[in-house]
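Listed below are the residues making up each chain.
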Amino acid sequence: MNATVALTESKTSATTTTSARIDRIELTRPDDWHLHLRDGEYLPAVLPHTVRQFARAIVMPNLRPPVTTTVMALAYRERILAALPAGSRFEPLMTLYLTDRTTAAEIDTAVASGVVKGVKYYPAGATTNSDSGVTHVDRARPALEAMQRLGLPLLVHGEVTDTSVDLFDRERAFIDRVLAPLVRDMPGLRVVMEHITTRDAVSFVESCGPEVAATLTPHHLLMNRNAIFVGGIRPHYYCLPVLKREVHRQALMDAAASGNPKFFLGTDSAPHARHTKETDCGCAGCFNAHAALELYAEAFDRAGALDRFEAFASFHGPDYYRLPRNTGKVVLVRESWDAPVEYPYGADTLVPLRAGEPLQWRQLPEA
Ligand code: NCD
Ligand code: ZN
């Protein structure tokens, strides 16, 4: 008798779930709060992918040479605007690359420009094009104090470069050694911990005041470190900070779906030519701009949290950056399509995330 009741109940709930399945998502047009657009011949190859989905993006400054001054940021912004597809609207939000020599006066100039919205802190040697980064946080003190005074966010690549620290522990070590002391010493400094990958980072950000926030990538929400080794070594799933254990992925997904405004969308779409990834010492970075919203939708769907997707994608970021929320809409439908196996990338090619494999959501073209 009891068994029959239980069976009926589970059948009923399955039916309810099916009928309540969400097949269409309408979102306020989102922004990407961490993006690599590159430069030269690569810029027009990747920019249209982002423009299709996002109204604005925080553009990373790790070019060669890095964007260390406002003058350079303004020139880079012009190159981005010149590369926009005809008739499109997109606002690049520029960043400066922090070095040991960045002055307080440069921070004043950056804020006065109105186009620089953050300053990127790469520990020297931590990731792609980070050689000119900060060698010790104390060296950046004058710039950081000016940023605290002016409310300009510091965007942090949170990994130590100490090779004696296990690669998978470098984010936690950075929090302990650099970030926690920094936040303690400069409580007014606004800090975005970029592309967080561990539950330690989630707990740290949660424990801080409203000045400290974090971005989350679609690949860190969808995959754990096993993805790098499925059937062999998969260079296109290698990025920094590297994918972590499942327990960390779950903590990231919980944070993204929590509704906590400290956590928001930042794709870290980081294109590299195919031959620079498929080689004996491949570059770090995953290209996901071809399907960023589709990948995030899949992650939120899997977590049963589609009702939390819009705030994460479209509200928390502009609120943190003290910018207006966008007014347009984007629509995604549940529809399977295969990601292309590659895209043109200047004279090279680019392998996107999920290349040749099915995606479960599709953004509809603008009406
Ligand atoms: C980024 C790149 O390629 O510029 N790579 C990456 O693995 N994420 C740099 C970065 O954000 O760390
Ligand atoms: Zn990045």
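So, here's what we can say about the structure. Predicted, not measured: the structure shown is a model, and the values here were computed from it.

## Here we look at the coordination of the zinc ion (ligand 2)
For a metal with four tetrahedral donors the ideal donor-metal-donor angle is 109.5 degrees, while six octahedral donors give ideal angles of 90 or 180 degrees. Listed as protein donors to the zinc ion (ligand 2) are His34 (NE2), His36 (NE2) and Asp268 (OD); their distances from the metal cover 2.0 to 2.1 Å. What the 4 donor atoms of the zinc ion (ligand 2) show is an angle range of 93 to 138 degrees at the metal, which sorts the shape as irregular. As a motif over one chain, the donors of the zinc ion (ligand 2) read H-x1-H-x231-D. Highlighted residues: His36 in the loop between strand E2 (32-35) and helix H2 (43-53) and Asp268 in the loop between strand E9 (263-265) and helix H10 (274-277), separated in sequence by 232 residues.

## Remarks on the sheet that holds strand E1 (residues 24-28)
Here 3 strands make up an open sheet; going across it, the order is E1-E10-E13 and the pairing antiparallel. What marks the edges here is a single partner per strand, and that holds for E1 and strand E13 (358-363). In this sheet, neighbouring strand axes are inclined to one another by 35 degrees on average, regardless of whether the strands run parallel or antiparallel. Across 5 bridges, E1 lies against strand E10 (residues 329-338) in antiparallel orientation.

## A word on the packing of aromatic side chains
Taken as a whole, this structure holds 12 aromatic pairs when the rule is applied. Judged by centre distance (6.3 Å) and plane angle (70 degrees), the rings of Phe264 and Tyr321 are edge-to-face. Taken as a pair, Phe264 in strand E9 and Tyr321 in helix H12 (residues 309-321) lie far apart in primary sequence, 57 residues in all. In this pair, the class of Phe264 matches that of Tyr321, namely buried. Centroid distance Phe300 to Phe309: 5.0 Å. Interplanar angle 35 degrees. Geometry classified as tilted. Residue Phe300 shares its accessibility class with Phe309, and that shared class is buried.

## As for the site of ligand 1
Around ligand 1 sit 15 residues, and of these Asn62, Thr127, Leu240, Asp268 and His272 come closest. Separating an oxygen atom of ligand 1 from a side-chain N or O atom of His36 is a distance of 3.1 Å. Take His157: an N or O atom from its side chain is 3.2 Å from an oxygen atom of ligand 1. Starting from 310 Å² of accessible surface for ligand 1 in isolation, the protein chains cover 100%. Along the lines of polarity and charge, the residues of the shell around ligand 1 split into 4 nonpolar, 9 polar and 2 charged.

## Some points on the side chain of His220
Relative to the assigned elements, His220 resides in helix H8 (residues 218-222). What makes His220 buried here is its relative accessible area of 2%. Ignoring anything within four residues of it in the chain, the contact list for His220 reads Ile196, Thr197, Cys239, Pro241, Val242, Leu243, Arg249 and Leu252.

## A short note on unusual backbone geometry
Going from Arg64 to Pro65, the amide bond is cis rather than trans, its omega being -5 degrees. Looking at the element boundaries, Pro65 is found in the loop between strand E3 (56-59) and helix H3 (70-82). For the bond from Leu240 to Pro241, the omega torsion is -10 degrees, close enough to zero to count as cis. Looking at the secondary structure, you find Pro241 in the loop between H8 and helix H9 (246-256). In this model, Arg38 sits at a positive phi of 60 degrees, which is unusual for a non-glycine residue. Considering the arrangement of structural elements, one finds Arg38 in the loop between E2 and H2.

About the criteria used
- Residues numbered from 1 in each chain as written.
- Chains lettered and ligands numbered in written order.
- Predicted model: local features only at pLDDT ≥ 70, side-chain atom pairs only at ≥ 80, totals over all residues.
- Heavy atoms only, no water.
- Donors = N, O, S within 2.8 Å, 3.2 Å for Na, K, Ca; no water.
- Tetrahedral: all angles 85-135°; square planar, octahedral: opposite > 155°, others 65-115°.
- Helix = DSSP H or I, 4+ residues; strand = E, 2+ residues; numbered from the N terminus.
- Pairing = 2+ DSSP bridges.
- Axes fitted to C-alpha atoms, helices over the stretch in contact; angles between N-to-C directions.
- Phe/Tyr/Trp six-rings, centres within 6.5 Å; stacked < 30°, edge-to-face > 60°.
- Buried < 20%, exposed > 50% of the residue type's maximum accessible area, 1.4 Å probe, protein only.
- Near = heavy atom within 4 Å.
- Polar contact = N/O pair within 3.5 Å; in protein donor to acceptor, adjacent residues only side chain to side chain.
- Areas by Shrake-Rupley, 256 points an atom, 1.4 Å probe, with all protein chains shown as cover.
- Nonpolar A, V, L, I, M, F, W, Y, C, P; charged D, E, K, R; others polar.
- Contact = heavy atoms within 4.5 Å.

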